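Examination of the molecular architecture
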Amino acid sequence: MMDIPLTIGEIMRHGTTVHRDAEVVTWTGDRPRRATFGDIGRRAAQLAGGLRELGVTADQRVATFQWNNQEHLAAYLAIPSMGAVLHTLNIRLSPDQVAWIANHAEDHVVIVDGSLVPLLARALPECKTVRHVVVTGKADTSPLAAAGAEVHSYDELLAGKPERFDWPDDLDERSAAAMCYTSGTTGNPKGVTYSHRSAYLHSMALLAGEAAGLTAADRCLPVVPMFHANAWGIPYGAVMAGASLVMPDRFLQAQPLVEMVGRERVTVSGAVPSIWNDVLRHLREHGGDFSAMRVVLCGGSAVPRALMQAFEEEMGVKVLQAWGMTETSPVASIATPPVGAEGEEAWRYRTSAGRMIIGVQGRVVGDDDSVLPSDGDAVGEIEVRGPWVTARYNSGADPDRFHDGWLRTGDVGTIDELGFITISDRSKDVIKSGGEWISSVELENALMGHPTVLEAAVVGVPDTRWEERPLAAVVVAEGESVSPDELRDFLAGSVPKWQLPDRWAFIPEVPKTSVGKFDKKVIRQRYADGELDVYEQR
Ligand code: ADP
C-alpha cells in the first residue's frame, strides 16, 4: 500500500475542500459570525503566509491564547500544516504559570484574542522567547509593546496574503504537530507533544460509531476549551467529518450555551460535568431547546449518575461519559454499554469511565509494579499505551511516569474483562482509612444524587486514630437546606458504614482548577488552615 503520511495538513485539505460548505459559527453574544470550512481554509493559508513573514520556519512553536472561535480553528489548521508546532496556552493559569510554560515550550509567536490582551500582558515580560504577538479583533495593545514584543494586528497580517499556501507535502507524520501542558495540579505542568500521526489517528477514533460517531450531519459545540487537551479532539474530528462547529467564544455561562444549542440546532457537545450541572439548572428554571442534541460528551472528572439521569429523563438527552488525559490526546475510553445491557446493568457501564476504544490498551498494576488481572476486581494503578498516548514528557520530565512502554496514569481503579475501566480515584486523592481505601469519587457521586446537593467534593483529612477520614465539602442548592445527619442517612443506603464521611463543611462553591475540575488541593489546604466551618459527627 502507499505510504501517505497521516498529517493535519491532510485533515485540513479534506475538510476544507470536500466539506467546504460546512459551517463554523462563532458566538458573539449578539449576532453569530459565520464562516464555511472553505473560508477557514483560505484564512489558514493567509495565516500561514503571515506567520512565515514573521520568520516562522521548521518546528518553531506558535502559541495560541484564545477562546474557542474561528480564528483559533484557523490556527489549529495552519500552524501544524506549515510544519510548525501549535501550542495551546491555558488562559486560566496565573501569569507566572503562563510564562513558565511559554518559556519551557520556547514559544516564538503568540496569537492572542483581543479580549485577552490584558491577561497576556501580565505574563509577557517574563516570556523570554516570544518575539511576536498577533492580536485578533480590537484591543489596546500598548501593554504588549511595553513588554518588548513586536505587536501585529491579525487582520493586517493576513490582509492581501494569497488564499493558497504552498503547504509542505513531505512532513514526517511522526513530527511534532501540537503541544499541550497538563494543568499541573501537582508540581510544575508537564508538556505533551502530539504528532501529526497521533492527532490523525485520534480523530479517526473519535469519528467511530462506538465513540462520538461524528458525521457531516452533526453540529458540534465544543464547550471544553481548545487549550484543554485540544478540546478533546473535537475540532480536528469535526473538520475530518465535515461536521459543522458552533464555537462559544467567551460566552461560557449556562444561558448563552443553552441559547446556542437551541438556535444552532447543536447535535453533539462536550464539556466537564460542572458545566453540564449549570446548564441543567438553567434548563430546569428557564427551559430551552435541546431537541436536536444527540449526545453530550462528558468527562475530565467522574460524571455523577444523577446528572446523566436528569438529562436523560427530563431533557431526553444522552450523556456519554469518557475518560482520558492530556497525555492520551485525550480520549482513551467511552462508556457505551455493551449491546443488550439494559436498566441497572446499563447504568453500571455508563457510570464507569468507559470501555477502551480501539487503539488504546490498558492494564492494572499493583504497588510492586506487578500486573494484576483485568477481572473487574483487582484494584491498582491504571496504565495505558497506544498510538495517541505520549511516550515521554517534553524535555524528558518525570521519567518515572513511564513503565516498560506504558504510561502510569495516576488513576486508581479496575479494568473488567470487557475492557471497561472504573476509576475510584486519582492516586493523590485516595483516602486511606485504617489501612483501607475509600473512594472519594464514589462518595461524591452518591452525595450529588441527593436532591438538595448541587456539588460535593470529598477529601481525606488527617485523623489520629484512622490516619485519614473523609471530609465532605457540600454545596447546597439555593433555597434548600439539609443537615449532615440527613446526608449521612442518605448515603448509608449505598455506602458501607465505615466509609461514611464524618466531617462535613457547607461551602458556597467548590473551588475549581483552570479546566473546571474540583480543586481538592485547595479544600485540603482550607481545612488545614482552619478556614472551613467543620461539623464533626462522632
Ligand atoms: P489535569 O491532569 O491537568 O487535571 P487532564 O484533563 O489531563 O488534566 O486530567 C486527566 C485526569 O482527569 C485523569 O487522569 C483522571 O484522573 C481525570 N478524569 C478524566 N476523565 C475522567 C472520568 N470520566 N472519570 C474520572 N476521572 C476522570
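The paragraphs below set out a description of the structure included in this document. (Residues numbered from 1 in each chain as written. Predicted model: local features only at pLDDT ≥ 70, side-chain atom pairs only at ≥ 80, totals over all residues. Heavy atoms only, no water.)

**Section: the packing of aromatic side chains**
Aromatic ring pairs are defined here through the distance separating the ring centres and the angle between the ring planes. Keep this limit in mind: In this scheme Phe, Tyr and Trp rings, the latter by its six-membered ring, pair at centre separations within 6.5 Å, and the angle between planes marks the pair as stacked below 30 degrees, edge-to-face above 60, and tilted otherwise. Each helix is a run of DSSP H or I of at least 4 residues and each strand a run of E of at least 2, with the numbering of both proceeding from the N terminus. When a residue's accessible area, from a 1.4 Å probe over protein chains only, is under 20% of the maximum for its type it is buried; when over 50% it is exposed; and in between it is partly exposed.
Tallying each qualifying case throughout the model produces six aromatic pairs. Between tyrosine 76 and tyrosine 236 the ring centres are 5.2 Å apart and the planes differ by 45 degrees, which places this aromatic pair in the tilted class. You can see tyrosine 76 sitting in helix 3 (residues 70-81) and its partner tyrosine 236 sitting in helix 9 (residues 234-241), a full 160 residues away along the chain. This pair shows no difference in class: tyrosine 76 is buried, exactly as tyrosine 236 is. Each ring, one from tyrosine 349 and one from phenylalanine 420, has its centre 4.4 Å from the other, and the planes form 45 degrees; the classification is tilted. Of the two residues, tyrosine 349 sits in helix 13 (residues 343-350) while phenylalanine 420 sits in strand 22 (residues 420-426), which places them 71 residues apart along the sequence. Residue tyrosine 349 is classed as buried on the basis of its relative accessible area, which comes to 11%. On the basis of relative accessibility, which here comes to 2%, the residue phenylalanine 420 falls in the buried class. Among the aromatic side chains, those forming a connected cluster through ring pairs are Trp276, Phe290 and Phe311.

**Quick word on the pattern of salt bridges**
A side chain with one charge can pair with a side chain of the opposite charge if their charged atoms come near. Heads up, the rule is: Salt bridges are defined as contacts in which a side-chain nitrogen from Lys or Arg sits within 4 Å of a carboxyl oxygen from Asp or Glu.
Counted under the stated rule, the structure contains 33 salt bridges. A salt bridge links arginine 284 to glutamate 314; the shortest N-O distance between them is 2.8 Å. Taken together, the positions of arginine 284 in helix 11 (residues 273-286) and glutamate 314 in helix 12 (residues 305-315) put the pair 30 residues apart, joining distant regions of the chain. With a shortest N-O distance of 3.2 Å, aspartate 429 and arginine 524 are connected by a salt bridge. You can see aspartate 429 sitting in the loop between strand 22 and strand 23 (431-433) and its partner arginine 524 sitting in helix 16 (residues 520-528), a full 95 residues away along the chain. The class of arginine 524 is partly exposed, set by a relative accessible area of 24%. A single network of salt bridges, built from pairs that share partners, joins Asp463, Arg469, Asp502, Arg503 and Glu536.

That's the geometry; what it means functionally is another story.
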